[in-house]
Amino acid sequence: MDPSTIKDVVLNVREPVVLKDVEIPWFCFDQTLPEWLNLLDQSNDDGNGFLLDCGSRRSGRSPQWERLRGQVRKSMTDFYKESTADNDEYFRENWASYSYRYINELPEECRKGITFDCFGFPDIAEDISFWIGSRGAHTPCHYDTYGCNIVVQVHGRKRWLLFPPEAKLKPTRVPYEESSVYSEENFYSPEAYSKVIGVENEAFHVDLEPGMALIVPPKWWHYVETLEFSLNFNTWIQLESDPEEQISECLTRLIIQDYSKGLNLHNLNHLLNPNEMSSIASTPPDELQSTLGYLLNQRLPEKRSRTNRHPSNYLPMSELQRLLSTHKDHIIPVQKLQNHEFFQLMKLNSQRYDPSRNRSSDDEEDNRRATNAINRTCNPQLIDLLKSSLGESSS
Ligand SMILES: O=C(O)CCC(=O)C(=O)O
């Protein structure tokens with residue numbers, strides 16, 4: 001498949017697909033994982049290793065939010081050796097990850113050849129993230145408010161459970177992270193079927209293997225778990241629809257920032273994702289107001305700049321179908337699970353449920369009240385309504 005065909009697929013598929021046997025001329029595919037990790041270690045200037053996030057392989061009722069993770073410092077080589085050994089006490093019970101890092105952290109030897117040229121996006125060579133994790137490392141279910149996602153699995157395996165934007169999942173803006181809307185459901189260790197019921201007919205599932213590329217269309221929910229020590233890269237393709245989402249995100253941020261004023265550190269730790277703690281406190285509200293004004297102004301037809309943003313869903317359905325069937329050996333639709341298969345998976349995951357992990361800040365009355373208040377006002381549908389009324393008053 002040539003890059004321009006892949007680009008059409010990426011920008012037009014309405015459901016997730018996996019691209020197989022695409023020529024991806026990245027050097028890391030020719031390196032073994034230990035070789036690649038060793039090169040990364042050599043770039044670690046102070047020699048003290050990397051600060052990894054870590055969590056337990058068991059969990060309670062709520063998803064394992066980022067704020068509940070610990071940290072451990074290790075060289076990548078030790079991380080790999082220990083976490084893949086059969087008898088390591090720590091990794092029998094825990095996982096660790098070095099995730100959502102920018103590619104510019106990598107030495108040249110580790111990122112040689114990595115661009116998204118072969119997917120039809122030659123300009124993307126910097127805006128790329130990498131994810132390293134041991135078995136059990138996972139990201140709670142969420143959707144990304146911007147772009148569509150190309151995920152390239154290089155080593156190891158990762159499980160993706162995906163749901164369409166309209167799936168009946170419960171969105172929450174707590175913990176708040178710009179551009180991520182989390183769901184309250186815990187797919188890692190569901191306590192009971194009743195917690196995940198309602199989406200059993202909407203679950204799509206794929207185990208990504210080395211060389212596969214997954215295309216996640218805009219706003220698809222995803223829960224991602226490492227099955228076997230894994231290295232993958234991804235990029236979010238910027239879409240023409242993103243500026244509208246930026247307005248929604250800006251409104252949400254204004255509300256959360258306002259609500260956060262006067263809360264103590266304990267409550268803030270609960271409400272905000274760790275990566276937002278300092279920026280929420282340090283951004284003056286006036287600055288956000290003027291960003292909002294700017295974004296609304298950019299909506300005017302004469303102001304719209306299209307740089308780097310891609311149109312999406314521009315192919316007629318019949319043309320898309322033709323493309324998919326012509327390249328059916330390379331473009332594999334992600335499988336929709338039968339509902340019994342979904343429940344089988346949940347049953348397997350529920351073996352990790354551990355009620356002794358249920359005592360958390362989620363259960364504290366003041367945090368529960370704050371979470372409910374934020375979710376009532378920052379519900380994505382309500383924010384959309386607010387946004388459309390702003391549009392009317394500014395036109
Ligand atoms: O790989 C993961 O743990 C999460 C990936 C993810 O959320 C994404 O690529 O959007």
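Because the structure is a prediction, the values reported are computed rather than measured.

**Description of the packing of helix α6 (residues 242–260) against helix α9 (residues 285–298)**
When two helices pack together, their arrangement is given by the angle between their axes and by how far apart the axes lie.
Then comes step 1: Axis separation between α6 and α9 bottoms out at 10 Å; the angle between their running directions is 160°. Judged by the inter-axis angle, α6 sits roughly antiparallel to α9. For the crossing formed where α6 meets α9, the hand is left-handed. Across from Pro243, Gln246, Ile247, Cys250, Leu251, Arg253, Leu254 and Gln257 in α6, the residues of α9 making contact are Pro285, Leu288, Thr291, Leu292, Leu295, Leu296 and Gln298.
Then comes step 2: A breakdown of the residues in the contact of α6 with α9 according to their chemical character gives ten nonpolar, four polar and one charged.

**Remarks on the nonpolar core**
Then comes step 1: Residues Val10, Val17, Ile150, Leu162, Ala213, Leu214 and Ile215 are the most contacted members of the largest nonpolar core, which totals 74 residues.
Then comes step 2: For this core, the leading source of residues is strand β7 (residues 148–163), giving nine residues.
Then comes step 3: Excluding residues that lie within four positions of it along the chain, valine 10 makes contacts with Phe119, Gly120, Cys148, Ile150, Ile215 and Ile237.
Then comes step 4: Counting residues in hydrophobic clusters, the runner-up holds seven residues, among them Val174, Ile256, Leu272 and Ile374.

**A word on the site of the ligand**
Then comes step 1: Near the ligand you find Ser99, Trp131, Thr139, Asp144, Asn149, Val151, His222, Val224 and Asn234, and these make up its full shell.
Then comes step 2: Every element with two or more residues in the shell around the ligand is listed here: β6 (138–144), β7 and β12 (221–237).
Then comes step 3: Looking at which element gives the most residues to the shell around the ligand, the answer is β12, with three residues.
Then comes step 4: Of the residues in the shell around the ligand, the class split is three nonpolar, five polar and one charged.

**Concerning the domain arrangement of the protein**
Then comes step 1: What the domain assignment reports for the protein is domain 1 (3–240 + 324–358) and domain 2 (241–308 + 364–394).
Then comes step 2: Taking only C-alpha atoms, the centre of domain 1 and the centre of domain 2 are 26 Å apart.
Then comes step 3: The interface is formed by 19 residues belonging to domain 1 together with 23 residues belonging to domain 2.
Then comes step 4: Ranked by the residues each element gives to the side of domain 1 that touches domain 2, the list is headed by strand β8 (residues 171–177), at seven residues.
Then comes step 5: When its residues are assigned to classes, the side of domain 1 that touches domain 2 shows seven nonpolar, five polar and seven charged.

**Description of the packing of helix α2 (residues 33–42) against helix α3 (residues 76–84)**
Then comes step 1: As a packed pair, α2 and α3 sit with axes 8 Å apart at the nearest point and diverge in direction by 145°. Contact residues: Leu33, Pro34, Leu37, Asn38, Leu40 and Asp41 in α2; Met76, Thr77 and Tyr80 in α3.
Then comes step 2: Here the residues of the contact of α2 with α3 sort into six nonpolar, two polar and one charged.

**Describing unusual backbone geometry**
Of all residues except glycine, most have a negative phi; of all peptide bonds, most are trans.
Then comes step 1: Between valine 174 and the following residue, proline 175, the backbone shows a cis peptide bond with an omega angle of 5°.
Then comes step 2: If you trace the backbone, proline 175 turns up in strand β8.
Then comes step 3: Residues other than glycine seldom take positive phi values, yet aspartate 21 does so here, at roughly 55°.
Then comes step 4: Relative to the elements of secondary structure, aspartate 21 occurs in the loop between β1 (17–19) and α2.
Then comes step 5: The exposure class assigned to aspartate 21 is exposed, which follows from the 10 C-beta atoms found within 10 Å.
Then comes step 6: In this structure, lysine 219 takes a positive phi of about 60° despite not being glycine.
Then comes step 7: Its place among the elements puts lysine 219 in the loop between β11 (213–216) and β12.
Then comes step 8: Under the C-beta neighbour-count criterion, lysine 219 is labelled partly exposed, with 18 such atoms within 10 Å.

**Describing the environment of histidine 142**
Then comes step 1: By the element assignment, histidine 142 lies in strand β6.
Then comes step 2: According to the C-beta neighbour criterion, histidine 142 is buried, with 20 such atoms within 10 Å.
Then comes step 3: Through-space distance from the C-alpha of histidine 142 to that of asparagine 201 is 18 Å; in sequence the pair is 59 residues apart.
Then comes step 4: Residues within four places of histidine 142 in sequence aside, it is in contact with Ser180, Val181, Tyr182, Ser183 and Trp221.

**Considerations on the pairing of β8**
Then comes step 1: Most of β8 is tucked away, with five of its seven residues classed as buried.
Then comes step 2: Pairing of β8 with strand β9 (residues 180–183), which is carried by three bridges, proceeds in the antiparallel orientation. Among the inter-strand pairings, threonine 172 is bridged to a residue of β9, identified as tyrosine 182.
Then comes step 3: What sits between the antiparallel neighbours β8 and β9 is a turn of two residues, in which serine 179 has the positive phi angle 75°.

Conventions we followed
- Residues numbered from 1 in each chain as written.
- Predicted model: local features only at pLDDT ≥ 70, side-chain atom pairs only at ≥ 80, totals over all residues.
- Axes fitted to C-alpha atoms, helices over the stretch in contact; angles between N-to-C directions.
- Helix = DSSP H or I, 4+ residues; strand = E, 2+ residues; numbered from the N terminus.
- Parallel < 35°, antiparallel > 145°, perpendicular 65-115°, else oblique.
- Left-handed = near helix turned anticlockwise from the far one by under 90°.
- Contact = placed C-beta atoms within 7 Å.
- Nonpolar A, V, L, I, M, F, W, Y, C, P; charged D, E, K, R; others polar.
- Core = buried A, V, L, I, M, F, W, Y, C linked by C-beta atoms within 7 Å.
- Buried ≥ 20, exposed ≤ 12 C-beta atoms within 10 Å, placed from the backbone.
- Near = placed C-beta within 6 Å.
- Domains from an automatic or database assignment.
- Pairing = 2+ DSSP bridges.

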